[in-house]
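Working through the structure, step by step
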Amino acid sequence: MHVHKGVHLQEQMQVTPDSPPPAVHRSILCVDVEGFGGRTNWEQLRARAGLYQALRDALTESGVPSGSCYCEDRGDGAMILVGPDVPKARLAAPFPAVLASMLERHNGSAPPGARIRIRVAVHAGEVHYDVHGVAGCSINTAFRLLEAAPLRDALRGSPGVLALIASEWFYDEVVRQCPAGDAASFRAVDVAVKETRTRGWIRLPDVRADTGRALRLLALHPGTELSVPAAAALLDVPDDAAQAVLTGLRLEERAPGRYRVPAVGDEPAGAERDAALRRLLAWYLGTADNARLLLCPDRVTATLTLPDAPCRPLAFASAAEARRWSESERLNLAAAARAAADEGHHDIAWRLPLALWAFFFLRSPWTDWIDALRTGLASARLIGDDRGIGYALGGLGYASQSRWEFEESADLFTAARDTFVGVGDARGEAWALHGLGYACRRLQRFREAVAHHRRSVRLAREIGDLRGTGHALSALGYAHACLNEFDTSLTCFEQARAIAGETERRAEGWALHGLGYAHQGLRRFDRAAALYRQALDVFTEVGDRPGQGEAYYNLGQTHLHMTRPDAARDCWVKALAIFEDLQTPQTGAVLARLRSLGPA
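The paragraphs below set out a description of the structure included in this document. (Residues numbered from 1 in each chain as written. Predicted model: local features only at pLDDT ≥ 70, side-chain atom pairs only at ≥ 80, totals over all residues. Heavy atoms only, no water.)

Okay, helix α9 (residues 228-235) next. For α9, the tally of buried residues reaches eight of eight residues, placing the bulk of the element in the interior. Among the residues making up α9, those that are buried are Val228, Pro229, Ala230, Ala231, Ala232, Ala233, Leu234 and Leu235. Looking at where α9 begins, the residue whose side-chain oxygen comes 3.3 Å from the main-chain nitrogen of alanine 230 is serine 227. (Buried < 20%, exposed > 50% of the residue type's maximum accessible area, 1.4 Å probe, protein only. Helix = DSSP H or I, 4+ residues; strand = E, 2+ residues; numbered from the N terminus. Polar contact = N/O pair within 3.5 Å; in protein donor to acceptor, adjacent residues only side chain to side chain.)

Here it is, written out as structure tokens:
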């Protein structure tokens, strides 16, 4: 590759200003290294050496002899003119892909500061040589294309190392006429740089993106909008590659990182369709379960992971992050649960409603949850998964409790318990007994509740489930309190709080609430009020709205016992707002309490 030194063509093409040199036709390549100016001098030198080596090797491998090339250095890039003896089709293919491969090879051994990603513009036109180098409108056009904002954006959003832009002339006359040019992978962009207004065609040669296939796969999403990680699951690519595809498709971005699901006539067929949909549904299952483990680890004890694990779900750094994801994906999660059953992925269909427990329990859109649980139960029965049947029955039992249908809940939990006993699942049995005991308490069958919770405690201890033991002890404490056995209930709650301190904050909140309830029963109202306030702090921290409502309600009761009607009213107004928002039956009891106080 011949590099211009400033005067090396003087003897061949020396002219006077009044006699312009004749124009010659050349193919034009312009190259610019991304982020070059922020490097140290040593890093710039390493990057330049790597760039020129990659250019030389790629041109040679693509059938472009070095003797046919003229090069001018641009500091952070280069301009290369290729003579008319070289077919332009070689610059359309295979050169871009080969150059990307050479850059990857360099980056694989280079330190971070010397790694290279580049923009490349390709054009062709008339060029004039003079004593200083070359000039011409075609060269100006090539450099305007290189500086185009859409090209910069394409490289910035690409996981690859090269973003290519072809002039409209080069695309029409060379790329489209070259069978190997992959014209379908280019997208048109408007270019407005300085005085130049033109159209260019952008391609990311090292990013796999079959536009038609990508649209068909993305259209499989059962919702109306999708996130970048959901798109990555469907396309079976990393998140950054999925972002590049979404950007290239120009789908409507309805919110940051969330795109409209495309509507296309044709869908992928057969195995590809099934595999893509399963990846997506498994991604939702795994991500929802990760959210559940942070938000409500006590509510489900089933192992919800799939044996085949077709994709990697999101992980969350905090409960707040998990809650935001659950809220943003609410409609998609409900749609995914329906799609799992409709498409025959029944092993996902019974697990997904249980993984969604955290969101539905804490935010209470009960109708969606009950529909998903019923669908999951049908799926578990269809494939004969007894454990799935047991957990779906238990989930419906908890949903019945949310609507205060405790007879129905007791029947469902009894069926769940019997199912777990039949398959020898002690963990599942303990979980079902927890729900059954609560239903019995609400039905004022307190002795039965104590018996169920005692067995739940024993089973949890036998299998070494510390967290389950703590929850069962809290439940047992409430059962004893219902029998006015407050000293016994205090012991249970103290043990539960000690365990919760080692396991999870939400359980600690309920243990504190139970301690407040026991002290209230023993008429130690100051102590009860302090414990309810501590429980409120925990429930607020972890986002447990039902817990906040219960704590405000009982704190109001305590204030009333202490002849503080205004404080009681304030607590009950807050409890009423929460229960109305959650659409739970406790609303009526709180309204009755407020009316008993008379007008404010």
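So, next bit.
Where α9 meets helix α10 (residues 239-249), the closest approach of the two axes is 8 Å, and the angle between their N-to-C directions is 95 degrees. The angle between α9 and α10 places the two elements in the roughly perpendicular class. Seen from α9, the contacting residues are Val228, Pro229, Ala231, Ala232 and Leu235; seen from α10, they are Asp239, Ala242, Gln243, Val245 and Leu246. When grouped by side-chain class, the residues that make up the contact of α9 with α10 number eight nonpolar, one polar and one charged. (Axes fitted to C-alpha atoms, helices over the stretch in contact; angles between N-to-C directions. Parallel < 35°, antiparallel > 145°, perpendicular 65-115°, else oblique. Contact = heavy atoms within 4.5 Å. Nonpolar A, V, L, I, M, F, W, Y, C, P; charged D, E, K, R; others polar.)

A separate point is the state of the cysteines. Under the defined criterion, the tally for this structure stands at zero disulfides. Left without a disulfide partner, cysteine 178 is nearest to the cysteine sulfur of cysteine 69, which lies 18 Å away. This cysteine, cysteine 440, is not joined by any disulfide, and cysteine 482 carries the nearest cysteine sulfur, 11 Å off. (Disulfide = S-S within 2.5 Å.)

Helix α26 (residues 565-582) packs onto helix α25 (residues 545-561) with a crossing angle of 160 degrees between their chain directions and a minimal axis gap of 8 Å. Taken together, the axis directions place α25 and α26 in an arrangement best described as roughly antiparallel. Crossing hand, α25 versus α26: left-handed. Between α25 and α26, the residues in contact are Arg545, Pro546, Gln548, Gly549, Glu550, Tyr552, Tyr553, Leu555, Gly556, Gln557, His559 and Leu560 and Pro565, Ala567, Ala568, Cys571, Trp572, Lys574, Ala575, Ile578, Phe579, Asp581 and Leu582, respectively. Across the contact of α25 with α26, the residue classes break down as 14 nonpolar, five polar and four charged. (Left-handed = near helix turned anticlockwise from the far one by under 90°.)

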